Amino acid sequence: MQHNEFALERPQARRPTQLLRDILDISEEFEEHVGRTLSVNATDLEAMEHLIMSGPLPPTELSRRLNISTPAVTASIDRLITVGHVTREQHPTDRRSVVVVPNPQSVATAMATLMPMIMGIDRVLDNFDASEKEVIERYLDQVVTIYREQLPEPADIPAPKPAVAPPKIDPPGPRRSSWKPETQVGPTIFSS
């Protein structure tokens with residue numbers, strides 16, 4: 001039996017819809033390529049994307065944006081520090097907190113991987129006249145709207161789960177009044 005027998009078939013759709021699915025698939029492959037280029041996993045790559053787009057961020061903000069727990073974001077930051085992509089620095093206005101700062105060389109490496117793809121896609125529009133570009137833009141805008149309509153409201157998104165389950169702690173037993181071990185007392189004259 002081949003494992004393809006269990007794969008879900010794509011629903012029949014018109015060619016542009018199939019091509020959008022192909023774009024989503026190839027985008028995932030491209031993200032994996034960027035992750036390999038930077039030697040990071042998917043979570044760490046997403047953290048890098050936020051840092052590249054927004055600049056230095058506090059760990060709590062990265063945790064919120066990635067929708068992961070504080071310990072999980074700490075582990076992600078530690079991995080990014082280990083491979084030299086970020087540093088922790090004192091917050092410029094709050095001496096009690098830190099910000100995660102992307103390494104300029106890492107940003108340059110990521111952009112060198114991303115920009116040829118981004119600019120190549122943008123150049124494709126040069127093959128269309130103004131009215132065709134308008135139709136393409138309207139189509140893509142409506143597709144984006146459909147995607148957004150399928151997402152839950154931010155208030156409906158559950159809080160991130162801890163990366164590691166908390167240890168199970170047994171409740172304490174009964175207190176003893178003495179340090180000596182308890183001994184079992186045999187029957188007494190008062191027992192029946």
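Please refer to the structure higher up on the page.
Keep in mind that what you see is a predicted model, and the values were worked out from it rather than measured.

A. Summary view of the overall build of the chain. Of regular secondary structure, the chain possesses six helices and two strands. In the chain, the succession of α and β elements from N to C terminus is α-α-α-α-β-β-α-α. Here the chain, with 192 residues, has 17% of them falling under the buried criterion. When contacts within the chain are restricted to residue pairs at least 6 apart in sequence, those whose partners lie at least 24 apart make up 48%. For the chain, the exposed area adds up to about 15,800 Å²; of that, 58% sits on carbon and sulfur atoms.

B. Looking closely at a nonpolar patch on the surface. Nonpolar side chains collect at one region of the surface, where M115, M117, I118, M119 and I121 lie side by side and expose about 400 Å² of accessible area between them. Given the relative accessible area of 30%, M117 is considered partly exposed.

C. Summary view of unusual backbone geometry. Here S39, not a glycine, exhibits a phi torsion of approximately 60°, which is positive. Along the polypeptide, S39 turns up in the loop between helix 1 (15-38) and helix 2 (42-54). S39 gets classed as exposed once you look at its relative accessible area, which sits at 55%. A positive phi angle, close to 55°, is found at N67, a residue other than glycine. Mapped onto the elements of the fold, N67 is located in the loop between helix 3 (59-66) and helix 4 (70-82).

D. Up close: the nonpolar core. Grouped together as the largest cluster of nonpolar side chains are 18 residues, with contacts concentrated most on L38, L51, L62, V73, L80, V86 and V100. Mapped onto this core, the elements with two or more residues apiece are helix 1, helix 2, helix 3 and helix 4. Residues contacting L62, with those up to four places away along its chain left out, are A47, H50, L51, L57, V73, I77 and V100.

E. Expanded view of the pattern of salt bridges. For the structure on display, the rule yields six salt bridges. Put simply, D25 and R21 hold a salt bridge, and the shortest N to O gap is 2.7 Å. Taken together, the positions of D25 and R21, both in helix 1 and four residues apart, correspond to about one turn of that helix. Using a relative accessible area of 26% as the deciding quantity, one classes D25 as partly exposed. A residue is classified by how much of its surface remains accessible, and R21, at 33% relative accessible area, is partly exposed. Note that R64 is salt-bridged to E61, the shortest N-O span being 2.6 Å. Of the two residues, R64 and E61 both sit in helix 3, three residues apart, roughly one turn of that helix. Where salt bridges share partners, they join E61, R64 and R65 into one cluster.

Each value, and the rule that gives it
Residues numbered from 1 in each chain as written. Predicted model: local features only at pLDDT ≥ 70, side-chain atom pairs only at ≥ 80, totals over all residues. Heavy atoms only, no water. Helix = DSSP H or I, 4+ residues; strand = E, 2+ residues; numbered from the N terminus. Buried < 20%, exposed > 50% of the residue type's maximum accessible area, 1.4 Å probe, protein only. Contact = heavy atoms within 4.5 Å. Areas by Shrake-Rupley, 256 points an atom, 1.4 Å probe, with all protein chains shown as cover. Patch = residues over 30% accessible without salt bridge, like charges linked within 9 Å, V, L, I, M, F, W, Y side chains within 5 Å. Salt bridge = Lys/Arg side-chain N within 4 Å of Asp/Glu carboxyl O. Core = buried A, V, L, I, M, F, W, Y, C linked by side-chain atoms within 4.5 Å.

Don't take any of this as a statement about function, it's just geometry.
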